[in-house]
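Topology and contacts: notes
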Amino acid sequence: MLRKMVIRTFGLVVFVSTLSGCGVLRATPAKDYGFLPKPELVSEQRTRAPFNGYWVFNPREYEEIREEYAKVYIDSIDTHIVEEMYRKASGKEETKIARIEEAQELGQYFRERLRIAMVERIQSGSNLKVVDKPGPGVLSLRIALVEVVPTNPGVNLIGTAAGFFVPGGGFLKSFGEGSIAMEGFVFEVDPMNSVFEEYKDREAQKYSAFTLKDYQRYAHLREVIDEWSVQIATLLTTPSSVTVEDSDLVSINPI
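Residues numbered from 1 in each chain as written. Predicted model: local features only at pLDDT ≥ 70, side-chain atom pairs only at ≥ 80, totals over all residues. Heavy atoms only, no water.

**Overview of the sheet that holds strand β6 (residues 195-204)**
Selection rule: Two strands are counted as paired when DSSP detects at least two bridges linking them. In this text, helices come from DSSP runs of H or I with a minimum length of four residues, and strands from runs of E with a minimum of two, each type numbered from the N-terminal end. To define axes, lines are fitted to C-alpha atoms, for helices over the stretch in contact only, and angles between the resulting N-to-C directions are given on a 0 to 180 degree scale.
The six strands are arranged β1-β6-β5-β4-β2-β3 in an open sheet whose pairing can be described as mixed. At either end of the open sheet lies a strand with only one pairing partner, and these are β1 (53-56) and β3 (129-131). Taken pair by pair, the neighbouring strands of this sheet meet at an average axis angle of 25°, ignoring direction. Pairing of strand β4 (residues 139-149) with strand β5 (residues 179-188), which is carried by ten bridges, proceeds in the antiparallel orientation. Counterpart to Ala144 in the pairing with β5 is Glu183.

Structure follows, in structure tokens:
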């Protein structure tokens, strides 16, 4: 059984690595949810950002502003768009309330991971400090979760079992996969509310032969948030000439 799992994992890594070079297995971009101040300016720019969409108003001037201000405020993660989706969805009221509370907890987790990622960048030499209040001379980071589709553990369990006994049965797992999307921007709270940077992205859970994350509703989504946090912190603290790498599509971590 172990030998079979190792072979399947290796085969999956090779297969997905080949396709990911072509972008075949990347999550499709989310629609525009209206959170960004200037959504029409956002486009894919993989030479700089690992997102479906990115925009910066003036790279050289933005670097100078970041150097001059040296402060960033990380706002609470906005979950109102996702909450409204749950309210309008069919189903029991108690289930809707539970999903809304879970989305809010995910937003709190995202903000904390962003703060941790920024502190790690500071320890690596960045001069951009995290502060507790927005205002003139402070860069404000504002992000919204615009889609939250949790993993379905029940479907994944059936799909995993089918994959061992029925050829192609593991395909059922795809119906239980989770995904998450965000929109975010950096601006200064001043009379003009000057916007410096915008980004949006949608990610599905990673491919794996087996991982305990498949049997937890939000484990895969937290992994995406962990990677987003590092990527956003890197964008905030590196020159525009630096390419912030995208995350891998495959996970060989069983937990």
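**A short note on the confidence of the model for the protein**
We apply this condition: Each residue gets a pLDDT score, which is the predictor's confidence in that residue and runs from 0 to 100. Any pair of residues with heavy atoms lying within 4.5 Å of one another is described as a contacting pair.
On average, residues of the protein score 82 in pLDDT, and 74% of them reach the 70 mark or higher. Under a pLDDT of 50 for its full length, residues 1-24 has, in the predicted model, 20 contacts with residues more than four places off or in other chains. This model gives residues 154-175 a pLDDT under 50, and the stretch forms 29 contacts once residues within four places in sequence are excluded.

**A closer look at unusual backbone geometry**
This is how the line gets drawn: Relative accessibility thresholds used throughout: buried, under 20% of the residue-type maximum; exposed, over 50%; partly exposed, between the two (1.4 Å probe, protein chains only).
The residue Ala70 is not glycine, and still its phi comes out positive at about 60°. Looking at where Ala70 falls in the secondary structure, it is placed in the loop between α2 (59-69) and β2 (71-74). Here Ala70 falls in the buried class, since its relative accessible area comes to 18%. Backbone geometry at Asn193 places phi at a positive 50°, although glycine is not the residue there. For Asn193, the position within the fold is in the loop between β5 and β6.

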